Structures are given as structure tokens and as C-alpha cells.
Amino acid sequence: MTTSWDIQINNLKAGYGDHVVLENVTGLLPAGAVSVILGGSGCGKSTLLRQIIGLSTPMAGELIVGGQDITRLKSREYRRLRRNMGVLFQDGALLGALTLAQNVVLPLSEHLSLTRQELRSEALRVLRMVDLEEFADYYPNELSGGMRKRAGLARAIVAEPKILLCDEPTSGLDPITAARMDELLLAMNRHFPDMTIVVVSHDLASLWTIADQVLVIREGRSVFCGTPSALKESTDPYLVQFLNRSAESSSGAAESGHAAMDPAVRARVDAWLAS
């Protein structure tokens, strides 16, 4: 039995056009917890996130959010449900022509009739939560990548949504900045204890730090859904290999040695390099 803001995925099939990316994906992302969708590059993690956000329509299966199967909702009904979701995009997705303060209150200024003073107050409130209050009047290009991601997080939670969706929040960050982002996500979990937080990642260090629940996807299929401790104890060969960061055995280029360049091409490259 799921609570109202659990995300329940049942035999989901999704893709683009005729190309299937996800098939038979099943798992529970519980409310009040931090769930990590884990998997290698190109496995379908971001495609699954797009399904939850509503940027793509599933081919088959169920996706139950807020107690409703969003695959069966009409556009107007889904837009109403979508108001309860905040999204942190991988690059922060801030608008360069707006200050940080203007960026983070964009969801409020677009949909509510608030005064400038009210918007400013809300901007400073959430920027304070991510330790960026003093940068409220800076523009995105004046900030580091980590600061832009923190600002994106502030915008995602400005309306205090029921669901927070984060796409690779630590990608491209140095270890210290990535750890700070993990701390912020845990702080959001403490500050909003009923919020469903879903993080798409392949960062194992982040996984062990923030996850209450883990959904692992391999080549478009779910291969595990459970707690981090259960994941550690799994004897599934793929999961063991992934967690140990072991390279796949292969009879391909890595084992066959260095392939020599065509001699004619080599001569022309050498001449170019020497010119």
C-alpha cells in the first residue's frame, strides 16, 4: 500500500518514437525518503525522470504519483498534479538574464500575483537555505557551477513541493562541492520530512551518503529496488560489478591491444605534425 505521495512504477515501458529505452521497470520511491535511481550511462535513468515529470508519455505500464496513475490523466489534470513537483535540472537551468533572486522565485512570479517585496522575501528565504543569500543580485554567469546548482535547488523547493526531482545533482562537481550538495539534499529531507525526494545519479559516494531507497536500472530494466544495505548484500553479478566499479570483461579493443593506424594515413599525420 503506497502513501499519497509515493511514486509507484509498475511494468513501465517508455522510449522515443519506436525506440524503446525502458521496459518492465518496476519500483517504489517512497514519500518522506530520499530515493536514488542508479545505473550506468545510457541505461535510461533520465528517461525515467522525464516520465515522472511528464515530459514524455509512457508506452505501457503504470506510473502512480500522488495516488493517481499519471499515464491515464488528461493534460489539465496532470498539469494540476505537476504543480506539486519541483525539479533540479542537471545544469541548474537558470536564465542568464535574471538575477539569482529572480530565478529562484520564477515559479511564484509566473503563477501568483505577489508584490515585489513578497517575491524578494521568498527569494532570500530559499537562498538562505542553500547558503546563497549574499549572492541574490548576482547573475548566473558570475557564479561557479556548484553555486548555480544550489540556486537551481532553491528554485525547485521555493513552492515547497510534495516531490523534489533531481537530475545528476553532483555531476561535474569536485568532491568537496559534491559533498556539500549531498548535505543540502539531506537538509531538505529533514526540513520537509514528508517530501518525496528522487535523485538520478551514478555517483556511488553520493548514494551511500543520501539514499534511503535505491532503484537500479540496467539496460532499460529495473534489476533492484530496496535499501542501500540490501543492495550491499546482493550477490547479483551485475550489482557486485557496478558497486565494485569493475570493468566488464570483453574480447574487444581493450584486450586485443593497440590497433595500428593505416600507414598512408600515418605518413600524412606525421607530415602534418611536423609542419
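An unreviewed UniProt entry lists the protein chain under the name ATP-binding cassette domain-containing protein, from Candidatus Desulfovibrio intestinipullorum.

Q: Residue-level account of the sheet that holds strand β5 (residues 68-69), with values.
A: Strand order in this open sheet of four strands is β2-β1-β4-β5, and the pairing throughout is antiparallel. Edge positions in the sheet fall to β2 (19-29) and β5, since each has one partner strand and no second. Where strand β1 (residues 7-16) lies against β2, seven bridges are found, and the strand directions are antiparallel. Of the residues in β2, the one forming a bridge with L12 is V25.

Q: How would you summarise the side chain of D69 if you had to cite specific residues and measurements?
A: With respect to the secondary-structure elements, D69 resides in strand β5. Residue D69 is classed as buried on the basis of its relative accessible area of 13%. A polar atom in the side chain of D69 sits 3.2 Å from the backbone nitrogen of L63. A polar side-chain atom of D69 sits 2.7 Å from a polar atom in the side chain of T71. Among all residues touching D69, those that are not within four sequence positions of it are E62, L63 and I64.

Q: Tell me about the UniProt feature "domain: ABC transporter" (unreviewed entry) in the protein chain, residues and numbers included.
A: This chain's UniProt record puts "domain: ABC transporter" (unreviewed entry) on residues 7-244. End C-alpha atoms of residues 7-244 are separated by 29 Å, and the span's content is 39% helix alongside 26% strand.

Q: Mind laying out the side chain of Q8, listing which residues take part and the relevant values?
A: Along the chain, the position of Q8 falls in strand β1. Side-chain polar atoms of Q8 contact the backbone oxygen of G27, separated by 3.3 Å.

Q: Could you give me a rundown of the pattern of salt bridges, with the residues and numbers involved?
A: In the structure shown here, the tally under the stated rule is seven salt bridges. Here R120 and D137 are joined by a salt bridge, their closest N and O atoms 2.8 Å apart. One end of the pair, R120, is in helix α5 (residues 116-129); the other, D137, is in the loop between α5 and α6 (145-157), with 17 residues separating them in the sequence. Assessed through its relative accessible area of 34%, R120 is described here as partly exposed.

Q: Which residues make up the pairing of strand β10 (residues 221-226), and what values do they have?
A: With five bridges connecting them, strand β9 (residues 213-218) and β10 associate as antiparallel partners. The residue bridging V216 from the neighbouring strand is F224, located in β10. Two successive antiparallel strands, β9 and β10, enclose a turn made up of two residues, where E219 displays a positive phi of approximately 50°.

Q: Which residues make up the sheet that holds strand β8 (residues 196-201), and what are the values?
A: Strand order in the open sheet made by the six strands is β6-β7-β8-β3-β9-β10, with mixed pairing throughout. Strands with a single pairing partner mark the edges of an open sheet, and in this sheet they are β6 (85-88) and β10. Strand-to-strand twist across the sheet, computed as the mean angle between neighbouring axes with direction ignored, equals 15°. Looking at chain direction, β6 and strand β7 (residues 163-167) are connected through four bridges and run parallel. In the sheet register, V87 faces β7, and the bridge partner there is L165. The strands that helix α1 (residues 45-53) touches are β3 (34-38), β6, β7, β8 and β9; relative to β7, the one it contacts most, it runs at about 150°. Against the sheet, α6 touches β6 and β7, its axis set at about 175° to β6.

Calculation notes
Residues numbered from 1 in each chain as written. Predicted model: local features only at pLDDT ≥ 70, side-chain atom pairs only at ≥ 80, totals over all residues. Heavy atoms only, no water. Pairing = 2+ DSSP bridges. Helix = DSSP H or I, 4+ residues; strand = E, 2+ residues; numbered from the N terminus. Buried < 20%, exposed > 50% of the residue type's maximum accessible area, 1.4 Å probe, protein only. Polar contact = N/O pair within 3.5 Å; in protein donor to acceptor, adjacent residues only side chain to side chain. Contact = heavy atoms within 4.5 Å. UniProt positions renumbered as here; feature names shortened; annotations may be inferred. Salt bridge = Lys/Arg side-chain N within 4 Å of Asp/Glu carboxyl O. Axes fitted to C-alpha atoms, helices over the stretch in contact; angles between N-to-C directions.

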